[in-house]
Amino acid sequence: MRVPAILLMGIVLSGCVLSREPPSQPVPPANLGSTQAAPPVPPAPVPAALPPGYTRHITYSDGRFTLPDGSTVPADPNGGFTISTGAYIPPDGAGGIILPNGARCISDSARDYFCP
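All of the points below concern the structure found in this document. Just so it is clear, the structure is predicted and the values come from calculations on it, not from any experiment. (Residues numbered from 1 in each chain as written. Predicted model: local features only at pLDDT ≥ 70, side-chain atom pairs only at ≥ 80, totals over all residues. Heavy atoms only, no water.)

1. Considering the sheet that holds strand β3 (residues 72–74)
Okay, so step 1: Judged by pairing direction, the sheet is antiparallel, and its six strands sit side by side in the order β3-β2-β1-β8-β7-β6 without closing on themselves. Edge positions in the sheet fall to β3 and β6 (97–98), since each of these pairs with one other strand and no more.
Okay, so step 2: Relative to strand β7 (residues 104–107), β6 runs antiparallel, the two sharing two bridges. Bridge pairing links Ile98 to Arg104 in β7. (Pairing = 2+ DSSP bridges. Helix = DSSP H or I, 4+ residues; strand = E, 2+ residues; numbered from the N terminus.)

See the structure below:
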């Protein structure tokens, strides 16, 4: 009685091991965004007219802002955007944006911003 059960179990297990399907690739969670590496973006030159300390750059391209940490967020129709913490970054009405810490980023006149 044990031999047929062992034989049957061996056949079942060998079917699992001998599967010809390629292993499936892991799927990243939906909140991680794209898992493909973005091409490196050279840092923008800092204009001489900026106040000292304005070294962080937020760039705009194709309806998205790229933040200094490399993450991207969609632009809203008003010119602001929402960051990963859920905080909304509004335009200040004078060509810049206001960060959650109260710092003001200055526009470079091309929808890009320099921030302290």
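After presenting the structure, the write-up continues.
2. Notes on the state of the cysteines
Okay, so step 1: By the definition in use, this model includes one disulfide.
Okay, so step 2: The residue that forms a disulfide with Cys105 is Cys115, at a sulfur-sulfur distance of 1.9 Å. Measuring the twist about the S-S bond at about 115°, one finds the Cys105-Cys115 disulfide to be right-handed. On the criterion of sequence distance, the pair formed by Cys105 in strand β7 and Cys115 in strand β8 (residues 113–115) is long-range, its members being ten residues apart.
Okay, so step 3: Look at Cys115 and you get buried, because its relative accessible area is 3%. (Disulfide = S-S within 2.5 Å. Buried < 20%, exposed > 50% of the residue type's maximum accessible area, 1.4 Å probe, protein only.)

3. Some details on the pairing of strand β1 (residues 56–61)
Okay, so step 1: The pairing of β1 with β8 spans three bridges and is classified as antiparallel. Across the sheet, the residue bridging to Ile58 is Tyr113, located in β8.
Okay, so step 2: Inspection of the sheet shows β1 paired to strand β2 (residues 64–66) by three bridges, in the antiparallel sense. Paired with Ser61 across the strands is Arg64, a residue of β2.
Okay, so step 3: A loop of two residues connects β1 with β2, the two strands running antiparallel in sequence, and Asp62 in this loop sits at a positive phi of about 50°.

4. Here we look at the pattern of salt bridges
Okay, so step 1: Applying the stated criterion across every chain yields a total of one salt bridge.
Okay, so step 2: The partner of Asp92 in a salt bridge is Arg104, with the nearest N and O atoms 2.2 Å apart. Within this pair, whereas Asp92 is found in the loop between β5 (88–89) and β6, its partner Arg104 is found in strand β7, the two being separated by twelve residues in sequence.
Okay, so step 3: Assessed through its relative accessible area of 25%, Asp92 is described here as partly exposed.
Okay, so step 4: Residue classification places Arg104 among the partly exposed positions, given a relative accessible area of 30%. (Salt bridge = Lys/Arg side-chain N within 4 Å of Asp/Glu carboxyl O.)

5. Things to note about the packing of aromatic side chains
Okay, so step 1: Enumeration over the complete set of coordinates arrives at three aromatic pairs.
Okay, so step 2: Measuring from ring centre to ring centre gives 4.7 Å for Phe65 and Phe81, while their planes differ by 40°; the resulting arrangement is tilted. Taken as a pair, Phe65 in strand β2 and Phe81 in strand β4 (residues 81–82) lie far apart in primary sequence, 16 residues in all. The same class applies to Phe65 and to Phe81, which are both buried.
Okay, so step 3: Chaining the aromatic ring pairs together yields one cluster made of Tyr60, Phe65, Phe81 and Tyr113. (Phe/Tyr/Trp six-rings, centres within 6.5 Å; stacked < 30°, edge-to-face > 60°.)

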